[in-house]
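Coordinate analysis (summary)
Residue-level listing of the chains:
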Amino acid sequence: MDSFMEIWREVLDYCSQKLNETAFNLWLAPLKPVSFENDMVTLFINDEFKRGIIYEKYQNLLSEAFEKKVGFDVKIYITTDESKLNENTSSPAEKNFSLKEIINDFASFVVGPSNKFAYAAAKNVASNPGRFYNPLFIYGRSGLGKTHLLNAICLEVEKYYPNANIIYTTSENFTNELVFYLQTQNTQAFRNKYRTCDVLLIDDIQFIAGKTQTEEEFFHTFNTLYENGKQVVLTSDKPPKEIQSLEDRLRSRFENGLLADIQPPDYETRMAIIKNKAKYFDLELSNEIVDYIADKIKNNVRQLEGAVKKINALCQMHGTEPTIEIASEAIKDILNNSRPVEATIEMIIDQTGRTFGVTPENIRSERRDASIVNARQVAMYIMREIADMSLIDIGKVFGGKTHSTVKHSIDEVEKKMASNSSFKSNVLDLIKNIQEL
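Residues numbered from 1 in each chain as written. Predicted model: local features only at pLDDT ≥ 70, side-chain atom pairs only at ≥ 80, totals over all residues. Heavy atoms only, no water.

**A short note on helix H19 (residues 370-387)**
Compared with an ideal rise of 1.5 Å per residue, which puts 18 residues at 26 Å, H19 spans 25 Å between its outermost C-alpha atoms and is within 8% of the ideal. For H19, the full list of buried residues reads Ile372, Val373, Asn374, Ala375, Arg376, Gln377, Val378, Ala379, Met380, Tyr381, Ile382 and Met383. (Helix = DSSP H or I, 4+ residues; strand = E, 2+ residues; numbered from the N terminus. Expected span 1.5 Å × (residues − 1). Buried < 20%, exposed > 50% of the residue type's maximum accessible area, 1.4 Å probe, protein only.)

**Thoughts on the packing of aromatic side chains**
Scanning all chains against the criterion turns up 22 aromatic pairs. Between the aromatic rings of Phe36 and Phe72, the centroid separation amounts to 6.4 Å while the plane-to-plane angle is 45°, which identifies the pairing as tilted. Of this pair, Phe36 sits in strand S1 (residues 32-37) while Phe72 sits in the loop between helix H3 (48-70) and strand S3 (75-79); the two residues are 36 residues apart in sequence, bridging distant segments of the chain. Phe72 gets classed as partly exposed once you look at its relative accessible area, which sits at 30%. Here the guanidinium or amino end of Arg249 rests over the ring plane of Phe219, the centre of that ring lying 3.9 Å away. Cation over ring: Lys277 sits above Tyr280, and NZ or CZ is 5.0 Å from the ring centre. (Phe/Tyr/Trp six-rings, centres within 6.5 Å; stacked < 30°, edge-to-face > 60°. Lys NZ or Arg CZ within 6 Å of the ring centre and 35° of its normal.)

**Some points on the pairing of S1**
Taking burial as the measure, the six residues of S1 include five buried ones, the bulk of the element. In terms of strand pairing, S1 meets strand S2 (residues 40-44) through five bridges, oriented antiparallel. Counterpart to Phe36 in the pairing with S2 is Val41. Linkage of S1 to S2, two consecutive antiparallel strands, is achieved through a turn of two residues, within which Asn38 is found at a positive phi near 55°. (Pairing = 2+ DSSP bridges.)

**Here we look at the pairing of strand S8 (residues 258-261)**
On a regular strand, one side chain projects to one face of the sheet and the next to the other, so that they alternate. Covered by surrounding structure in S8 are Leu258 and Ala260 only, the residues Leu259 and Asp261 on the alternate face being uncovered. In this structure, strand S4 (residues 136-139) lies alongside S8, joined through four bridges in parallel fashion. Counterpart to Ile138 in the pairing with S8 is Ala260.

**A short note on the packing of helix H9 (residues 171-183) against helix H10 (residues 187-195)**
How two helices sit against one another is set out by the angle between their axes and by the gap between those axes. One way to put it is that H9 packs onto H10 with a least axis distance of 7 Å and a crossing angle of 145°. Facing H9, whose interface residues are Asn173, Phe174, Glu177, Leu178, Tyr181 and Leu182, H10 presents Thr187, Ala189, Phe190, Lys193 and Tyr194. Across the contact of H9 with H10, the residue classes tally to seven nonpolar, two polar and two charged. (Axes fitted to C-alpha atoms, helices over the stretch in contact; angles between N-to-C directions. Contact = heavy atoms within 4.5 Å. Nonpolar A, V, L, I, M, F, W, Y, C, P; charged D, E, K, R; others polar.)

**Focus on the pattern of salt bridges**
Per the stated rule, a full pass over the model turns up 21 salt bridges. A salt bridge links Arg51 to Glu48, with the nearest nitrogen and oxygen atoms 3.1 Å apart. Here Arg51 pairs with Glu48, and both are found in helix H3, just three residues apart, close to one helical turn. On the basis of relative accessibility, which here comes to 40%, the residue Glu48 falls in the partly exposed class. Note that Arg384 and Glu385 form a salt bridge whose closest N and O atoms lie 3.1 Å from each other. The partly exposed category is assigned to Glu385, whose relative accessible area is 40%. Connected through shared salt-bridge partners, Asp47, Glu177 and Lys193 make up one network. (Salt bridge = Lys/Arg side-chain N within 4 Å of Asp/Glu carboxyl O.)

Right under this line is the structure:
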């Protein structure tokens, strides 16, 4: 049988295909393999909060991945006892392995006119944390490489400063973790964790806006780190001045650092991205195929890479070489005019949740919190606008809500858009972003 490390690498690879980049790098990439004895796999994570989330949300995926690889069911045990890791891990190289080292370093980031400033700033921060650009605030639409740069910074800092305490998280996780420690009446542990790190990287910082206690906690965390010369790197889908409901004192601190935007890649950069991803898969793509993909997908790096990944999978499945026909098959679900309704629905719910700081699960739920109701109503409105769905079909998406309930929700959104220009702008921007994904 393959060694445990070889099995673990393939398990991570399998999981990375099932999760988005942020979820994978936040929850599964930090796991370290400890032992595989009989049908018990022991993994290590140095965070009790993350341990609970992984058990709750990703245990089944890990079990499925192991079963695919070894051919039988395994039990997953996750420990936070670092002595177990030291006892069972055979080498530092194995201890520190994670799939993100292959995928999300600076070398694999394709630089072009649309992102070269953000790339240069990220490289500078990684080699000189806390010295120049603090905070570094990277903004741009979803799928353009912001998360890639965050992970590249993590890897580069680890390389130059192996003893540095680095924390990478999302604003949603920061909020959830704060709630967890509030419930356990142990906020000091939360503060000790975040206020003593050397580098703090937070993805999608816009989602803390309007969350009073989270903003308060982050404000003091930011000040402590900044005053001690520690590096803060943040990403957002928009610049600080356009983040609605963000406290002015936070906005001013964000703007006091370096703002770096990432725009959709130009044609030449898109071609380079496609060729770079094909090289990763040892896939030979003709210039005709590369040109075809670059011409069809214009606004999202993640979609370009996904198209190459799909071509590779189709070629392996059918035992053929890449052709235009296979490329067309690979990208058809990405193109707006042929995306399945189910995929459009999921995208609308996901992007609406990201914009309003609400999880997709809560949008679909029966919860009546004001923020959740607002996001749910906006999602219904956009489904009618983009997917041209009937009120009855929209209701089915949300657990069988009635025609009149859906109509009321859409009417409420239209009223808000008529009376609130910033709300209207947010909804229209959201529709535009979804249409361009």
